[in-house]
Number of protein chains: 4
Amino acid sequence: MLPPVSQLHYILNVSCPDQIGVVSAVTGHLTENACFVEESSDYGDPQTRQFFMRIRFRPTRPGFDPKAFMDGFAAIKDRLDLKLDLYERATRRKVVLMVSKLDHCLNDLLFRYRTGDIRMDIPAIISNHPDLQQLADWHDIPYHYIPVTADTKAEAEKRIEEVLEETQADTIVLARYMQILSASMAEKYHGRIINIHHSFLPGFKGARPYHRAHERGVKLIGATAHYVTADLDEGPIIEQQVERVEHFNSVSDMIAAGRDVECLTLARALRYHLEHRVFLNGNKTVVFRR
Amino acid sequence: MLPPVSQLHYILNVSCPDQIGVVSAVTGHLTENACFVEESSDYGDPQTRQFFMRIRFRPTRPGFDPKAFMDGFAAIKDRLDLKLDLYERATRRKVVLMVSKLDHCLNDLLFRYRTGDIRMDIPAIISNHPDLQQLADWHDIPYHYIPVTADTKAEAEKRIEEVLEETQADTIVLARYMQILSASMAEKYHGRIINIHHSFLPGFKGARPYHRAHERGVKLIGATAHYVTADLDEGPIIEQQVERVEHFNSVSDMIAAGRDVECLTLARALRYHLEHRVFLNGNKTVVFRR
Amino acid sequence: MLPPVSQLHYILNVSCPDQIGVVSAVTGHLTENACFVEESSDYGDPQTRQFFMRIRFRPTRPGFDPKAFMDGFAAIKDRLDLKLDLYERATRRKVVLMVSKLDHCLNDLLFRYRTGDIRMDIPAIISNHPDLQQLADWHDIPYHYIPVTADTKAEAEKRIEEVLEETQADTIVLARYMQILSASMAEKYHGRIINIHHSFLPGFKGARPYHRAHERGVKLIGATAHYVTADLDEGPIIEQQVERVEHFNSVSDMIAAGRDVECLTLARALRYHLEHRVFLNGNKTVVFRR
Amino acid sequence: MLPPVSQLHYILNVSCPDQIGVVSAVTGHLTENACFVEESSDYGDPQTRQFFMRIRFRPTRPGFDPKAFMDGFAAIKDRLDLKLDLYERATRRKVVLMVSKLDHCLNDLLFRYRTGDIRMDIPAIISNHPDLQQLADWHDIPYHYIPVTADTKAEAEKRIEEVLEETQADTIVLARYMQILSASMAEKYHGRIINIHHSFLPGFKGARPYHRAHERGVKLIGATAHYVTADLDEGPIIEQQVERVEHFNSVSDMIAAGRDVECLTLARALRYHLEHRVFLNGNKTVVFRR
């Protein structure tokens, strides 16, 4: 049995080359179908000439048929070269978390999952270490221990993909997963893998970044959440935050500050992603934060 | 002679009861008139049931006639109960600044005026003290010294209104003007007078607030920019910011921190206002910050 | 068997009327005892005329005897009217957490406890509801369900005090404990009970503060961690933080932002307290954050 | 005639290898000389093994003789290898500002100078462009236009040094001075030249950084104030701040945000420096912010 009409909410995401008439054409179709717009955001990028729109709406007529609704776009879709995606808002997206040994991001996400702060299903936790099994158990989430060595990397990735397929994972979160995914996997799940990593002012690449930031006396410890691309740590940024440190803070103080800011930054980025607020725009993103 | 078509940009602000079909009706009219949407934001408040939309657009057909364009809305305006305002984007709004003796906000605004950081005309500075005449002179802005005493308050306000009328002031900024405007003046310029005042966590009303905040050991000094209403310091909030202080900060340190945060907060609020990004929504505002 | 000399670290806290010669007298005693100062902070409040100093030091001579060391202060203690406290740094303080139904602060503190981010023992969790038993169980911490009604308030508080005494609780954290403690209990544990509550710019007292802040359109959601005194929510502030919200954020968004900022603020305040960085200074605190 | 004893305040800065007995020896000398400590901060860096202390004090006995006071340190100075500097607090330090065409930092510093927010003398403004002469004139500050070309660089720097010597400049602020100083000049004024530059998360070196940050979609625009060393933009950091931007912010929005954060960051760094709060500690700084 369907829920009453008024409780169904949809999210319609649109992207296309920027041009005259997109908003009127798309919203005209909504009006014809008696859909009430609850929230809408759009942005035309003057550089990339791409247009992005996210509309949350509620059908007000009984018997709304999503498929018929989308089929009805056919004419304007062709004319305006629209990319259209419709999501039922109440559907929980399936998110697989990948971790190594550090558990601050995992714990934070599991808490937000448990309390409903972030609405999602977590059908699996994957790790290259057995350490966090107990935390997964407590939340009743299957824990897949898939060790990775230089020799077994390809095979391990194959097992990871099997888990992703079996669980029909929609999104993958690298919650301090300390292995680099292959370029082919990054490509296959383009725009669906979110990573978190530390960031500093100025930046420090390579090993022991906190030690080097400490040697340099930086005052701000940051974190960047981004989509994973083949080019390590250079994918489209979704969210960034910083936390202040002082001269008397030790390396371990800085690492602790980094943990806090990583948790917050990743949680926000994931929420934006799951609510379909993030669009890829070349190597950038458009994030409709409202 | 008109500037070339492509250089004219307009801002169309719409508010109305929230309902099906507003966006499609409004943007449909834009499409029919070959207007290219450069930026748009909207928001339907589920509580007040009001809908707000701001559209920046550029006509692409020669001979765009703003009056005819607005007249063309007649039918949908009636049907949907729209409030519509059209602004030519390049028009500089006339802003009268009112000050007393403290000049940090005045100096900050004059700098942003001079550098074009905030685009506006400043046809007059009004003060109840002669102290800041020289600063006004350096910027070639007429300075109206209108002293206020308990006895002359009504008369002084009359002179203030004369200046506002002569200069065709669009917006009034109380940049640390330490007199309370009458309820009738607040009403007359409803939504057009912006005030800045200090704010704390928690709040302190009444005299010597910094001293009391200091006694209480607050850690955050804030500022609130808001529209002036008859109810002092209780008008719709446009912007708020905070700055951190510590136990070793003296009252004068806190006042200095307050100065910085007041400048930034007021400058932002004024920019949002001048760019037609702020809508009154009962005793709140909608601020399309993008 | 004692650990090697070099691994013993102490914290010496000093407060007294501000006067000439305090630092030299106190540090002179440290020098005579071959103690190496690792970290020191001090502050003389020009208003209250009180002086505060925190010194972390390491004895460098074998056989350091804390009691003899403190006894050695006798002469200068009398002359300068010193209040002196010595703490062995490695000693984990005993912290009892009190909660009701909301678990965001509890979960956050338990995570920081488990990972060692905050070093402490948690000998008991006390709640007036049974809801969070399972979370306590997972962390192997005894959960005391002590319901409170208007009639049983005095009796319940007696049972609470029994738990505090049995567990030799050093510090009590009200991690969203929604009952008001009696004035006598606030007094008995003066400077040892930490509470967290929401704060806004401007403040809203009374019921449904988030709803009222939402109606007023505030832009900043804050939290205040403070010591509990008989005067509800008016005790000395230890830490404050804020988080930004916008016009489109619902009341529940604001509550979620409040949860995040409450967790961070409480965790920081507790860490400062446990590291003996906080001094009461009238109705304010001195917090040596470094 | 000398001001009354109680109005003389001094700042004593001490640095030395970290060891037992520094604080007691230094403050013992203060006590013997009846000096009342108003504020003190210290820090021993566990990595560099250097100790730093800043003491603000007030002599309480008539006839305090600074030279005799400093001479009295001779024995402990040798024994503990102390570096000692005494400053009369009321002395205004001489700061020469160097600018090119961008005037946001200059305007901000001149405002803080005029209002006393930052206490200093500004005996000269030096620029490689004539553009900002009028702003200098209004503040009655001599403006030295010293153009720089590839051919005249050495000669121009000679003229700059002449101005610095004639004006007895204590500190030089590069307030958006777009020329690179020679290594020899950086060395000559080591720890006395402060520069401000933009910073991003992550960093972007080279030309058009805002454009590149915009292409990458960064969310945080920052600024770093640091001492100038021969290694461009890599000198010891004094202060850093950030400002948030979103996908819809244009390059010029980002540049405007950068201006604001540069002003604030530079003003803070300069104030810390002028109050003798900053110590060089290898390629880092110690900043006693209180």
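Preceding this section is the structure that the text describes.
Remember, predicted model here, so these are calculated numbers, not experimental data. (Residues numbered from 1 in each chain as written. Chains lettered and ligands numbered in written order. Predicted model: local features only at pLDDT ≥ 70, side-chain atom pairs only at ≥ 80, totals over all residues. Heavy atoms only, no water.)

**Quick look at the sheet that holds strand 9 (residues 193-200) of chain C**
All names here are of chain C. Counted only if it meets this: A pair of strands is treated as paired once DSSP finds two or more bridges between them. Numbering of helices and strands runs from the N terminus, with a helix taken as a DSSP run of H or I at least four residues long and a strand as a DSSP run of E at least two residues long. Axis lines are fitted to C-alpha atoms, over the contacting stretch for helices. Their N-to-C directions set the angle, which ranges from 0 to 180 degrees. In this analysis, two residues are considered to be in contact whenever any of their non-hydrogen atoms come within 4.5 Å of each other.
If you trace the 7 strands from one edge of the open sheet to the other, you get 7-6-5-8-9-10-11, paired in mixed fashion. The open sheet has two free edges, formed respectively by strand 7 (143-145) and strand 11 (237-244), since each of these has just one partner strand. Each adjacent strand pair in this sheet contributes to an overall mean axis angle of 20°, direction not counted. Bridge count for strand 10 (residues 220-227) against strand 11 is 7 bridges, and the pairing is antiparallel. Within strand 11, the position partnered with alanine 225 by the bridge is glutamate 239. In the packing of helix 8 (residues 209-216) onto the sheet, the strands contacted are strand 9 and strand 10, and the crossing angle to strand 9 comes to about 25°.

**Brief notes about the relation of the copies chain A and chain D**
Where we set the bar: C-alpha atoms of residues with pLDDT of at least 70 in both copies form the basis for the least-squares superposition of the copies.
Each copy superposes on the other: chain A lies on chain D with an RMSD of 0.0 Å after a rotation of 180° and an axial shift of 0.0 Å. Given the turn and translation reported, the copies of this chain are related as if by a two-fold rotation axis. Of the interface residues in chain A, 100% have counterparts in chain D that sit at the interface too, so the contact is made through matching surfaces.

**Details of the interface of chain A and chain D**
So the rule is basically this: Computed with a 1.4 Å rolling probe, the buried area is the accessible surface lost when two parts are put together, summed over both parts. A pair is scored as a salt bridge if a Lys or Arg side-chain nitrogen falls within 4 Å of a carboxyl oxygen belonging to Asp or Glu. Any pair of nitrogen or oxygen atoms within 3.5 Å is treated as a polar contact; in protein, a donor-acceptor pairing is required on top of that, and neighbouring residues in sequence qualify only through side-chain atoms on both sides. Residue polarity follows a fixed list, in which Ala, Val, Leu, Ile, Met, Phe, Trp, Tyr, Cys and Pro are nonpolar, Asp, Glu, Lys and Arg are charged, and the others, Gly among them, are polar.
On the side of chain D, 36 residues touch chain A, which itself brings 36 residues to the contact. Together, the buried faces of chain A and chain D total about 2,900 Å²; carbon and sulfur atoms form 50% of this surface. Of all residues in chain A, A:Leu201, A:Arg216 and A:His247 bury the most surface against chain D, accounting for 25% of the area lost on that side. Between D:Glu246 and A:Arg289 there is a salt bridge; the shortest N-O distance is 2.4 Å. Where chain A meets chain D, there are 18 residue pairs in polar contact (both at pLDDT 80 or more). Breaking the side of chain A that touches chain D down by element, the ones donating at least two residues are strand 9 (193-200), helix 8 (209-216), strand 10 (220-227), strand 11 (237-244) and strand 13 (284-287) of chain A. It is strand 11 of chain A that provides the largest number of residues to the side of chain A that touches chain D, a total of 7 residues. Residues belonging to the side of chain A that touches chain D are distributed by class as follows: 14 nonpolar, 12 polar and 10 charged.

**Digging into the nonpolar core**
This is how the line gets drawn: Think of a nonpolar core as a cluster: buried Ala, Val, Leu, Ile, Met, Phe, Trp, Tyr and Cys residues, connected wherever their side-chain atoms sit within 4.5 Å. Think of it in three bands: with a 1.4 Å probe and only protein chains considered, a residue is buried below 20% of the maximum accessible area for its type, exposed above 50%, and partly exposed in between.
Core analysis: the largest hydrophobic core is formed by 80 residues, its most contacted members being A:Leu97, A:Leu109, A:Ile125, C:Leu97, C:Leu109 and C:Ile125. Discounting chain neighbours no more than four positions away, the residues touching A:Leu97 are A:Leu106, A:Leu109, A:Leu110, A:Ile122, A:Ala124, A:Ile125, A:Ile126 and A:Val173.

**Looking at the sheet that holds strand 7 (residues 143-145) of chain B**
Residue and element names in this part refer to chain B. The strand order across the open sheet built from 7 strands is 7-6-5-8-9-10-11, with neighbouring strands paired in mixed fashion. Each end of this open sheet is capped by a strand with a single partner; those strands are strand 7 and strand 11 (237-244). On average, adjacent strands in this sheet sit at an angle of 20° to one another, irrespective of strand direction. When strand 9 (residues 193-200) meets strand 10 (residues 220-227), the two strands line up antiparallel, connected through 7 bridges. Bridge assignment links histidine 198 to a residue of strand 10, and that residue is alanine 223.

**Regarding the packing of aromatic side chains**
Definition in use: In this scheme Phe, Tyr and Trp rings, the latter by its six-membered ring, pair at centre separations within 6.5 Å, and the angle between planes marks the pair as stacked below 30 degrees, edge-to-face above 60, and tilted otherwise.
Under the definition given, this model contains 34 aromatic pairs over all chains. Summarising the aromatic geometry, the rings of B:Tyr10 and B:Phe57 are spaced 5.6 Å apart at their centres and angled 20° between planes, so their arrangement reads as stacked. Here B:Tyr10 is found in strand 1 (residues 10-17), whereas its partner B:Phe57 is found in strand 3 (residues 50-59), with 47 residues between them in sequence. Accessibility classification places B:Tyr10 together with B:Phe57 in one group, the buried group. Plain terms: the ring middles of C:Phe64 and C:Phe69 are 5.2 Å apart, the flat faces sit at 50° to each other, and that makes the pair tilted. For the pair C:Phe64 and C:Phe69, one class covers both residues: buried. Put simply, the rings of A:Tyr10, A:Phe57, A:Phe64, A:Phe69 and A:Phe73 touch in pairs and so form one group of aromatic residues.

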